[in-house]
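# Structure assessment
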Amino acid sequence: MALKGFLVEGVFPGPPEFASVAKGDAAYTAQFLYLSQPICVVADPVMGTPALTDVDMVQLACADTPLVPGQEVSVTGTLFAPHSGYHRAQVLLACE
């Protein structure tokens, strides 16, 4: 799937508790794409994920793709549901 939007970053608490940097959790930076056009995501009964409508932001999982925040970008990849403490959005995109 190809998505286009404005790239932003956010800093969040990571391990060990994913609750508070001030209380000792490591900080980590996540990237998000605010979409130019909202998308709909179909349910996946095997994974137990619901259908979503009007999704206007996805978290990017693009470790090997250097992206610069503050720019409009196009990315291609596979959508997936959050499944760890690092995932901060309802929908994520694993970049190709």
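Going by the structure above, here's the rest.
Residues numbered from 1 in each chain as written. Predicted model: local features only at pLDDT ≥ 70, side-chain atom pairs only at ≥ 80, totals over all residues. Heavy atoms only, no water.

## Description of the packing of aromatic side chains
- Under the criterion given, the structure shown has four aromatic pairs.
- Here a set of aromatic residues connected by ring pairs shows up, and it is made of F12, F18, Y28, F32 and Y86. (Phe/Tyr/Trp six-rings, centres within 6.5 Å; stacked < 30°, edge-to-face > 60°.)

## Quick word on the pairing of strand 4 (residues 72-80)
- Where strand 1 (residues 2-13) and strand 4 come together, five bridges link them in antiparallel fashion. Each residue of the ladder has a partner; that of A2, found in strand 4, is T76. (Pairing = 2+ DSSP bridges. Helix = DSSP H or I, 4+ residues; strand = E, 2+ residues; numbered from the N terminus.)

## Comments concerning the layout of surface pockets
- Taken as a whole, the largest pocket encloses approximately 320 Å³ of empty space.
- V41, T49, L79, F80 and A81 are the residues nearest the centre of the largest pocket, which is lined by 15 residues in total. (1 Å grid on protein atoms, 1.4 Å probe; cavity = no way out; pocket = protein on both sides within 12 Å on 5 of 7 lines; lining within 4 Å. Points joined across faces, edges and corners; volume = space filled by probe spheres on them.)

## A look at the environment of Y28
- The residue Y28 is located in strand 2 (residues 27-41) in this model.
- When its relative accessible area of 12% is taken as the criterion, Y28 is described as buried.
- Taking the C-alpha atoms as reference points, Y28 and F12, separated by 16 residues in sequence, lie 5.5 Å from one another.
- In this structure, Y28 is in contact with G10, V11, F12, P13, G14, G85, Y86, H87 and R88, ignoring residues within four places of it in sequence.
- Polar contacts involving the side chain of Y28 include one to the main-chain carbonyl oxygen of Y86, which spans 2.8 Å. (Buried < 20%, exposed > 50% of the residue type's maximum accessible area, 1.4 Å probe, protein only. Contact = heavy atoms within 4.5 Å. Polar contact = N/O pair within 3.5 Å; in protein donor to acceptor, adjacent residues only side chain to side chain.)

## Some words on the side chain of D25
- Residue position: D25 is located in the loop between strand 1 and strand 2.
- Within the structure, the side chain of D25 is placed 3.0 Å from the backbone nitrogen of E17, a separation counted as a polar contact.
- A polar contact is formed between the side chain of D25 and the backbone nitrogen of S20, at a distance of 2.8 Å.
- Apart from the residues lying within four places of it in its own chain, the contact partners of D25 are P13, G14, P15, P16, E17, F18, A19 and S20.

## Brief notes about the side chain of Q31
- Mapped onto the secondary structure, Q31 falls in strand 2.
- When its relative accessible area of 14% is taken as the criterion, Q31 is described as buried.
- Among the polar contacts made by the side chain of Q31, one reaches the side chain of E9 at a distance of 3.1 Å.

## Regarding the sheet that holds strand 2
- Strand order in the closed barrel formed by five strands is 1-2-3-5-4, with mixed pairing between adjacent strands. The average undirected angle you get between the axes of adjacent strands in this sheet is 55°.
- Relative to strand 2, strand 1 runs antiparallel, the two being bridged by nine bridges. What sits directly across from F6, in strand 2, is Y34. (Axes fitted to C-alpha atoms, helices over the stretch in contact; angles between N-to-C directions.)

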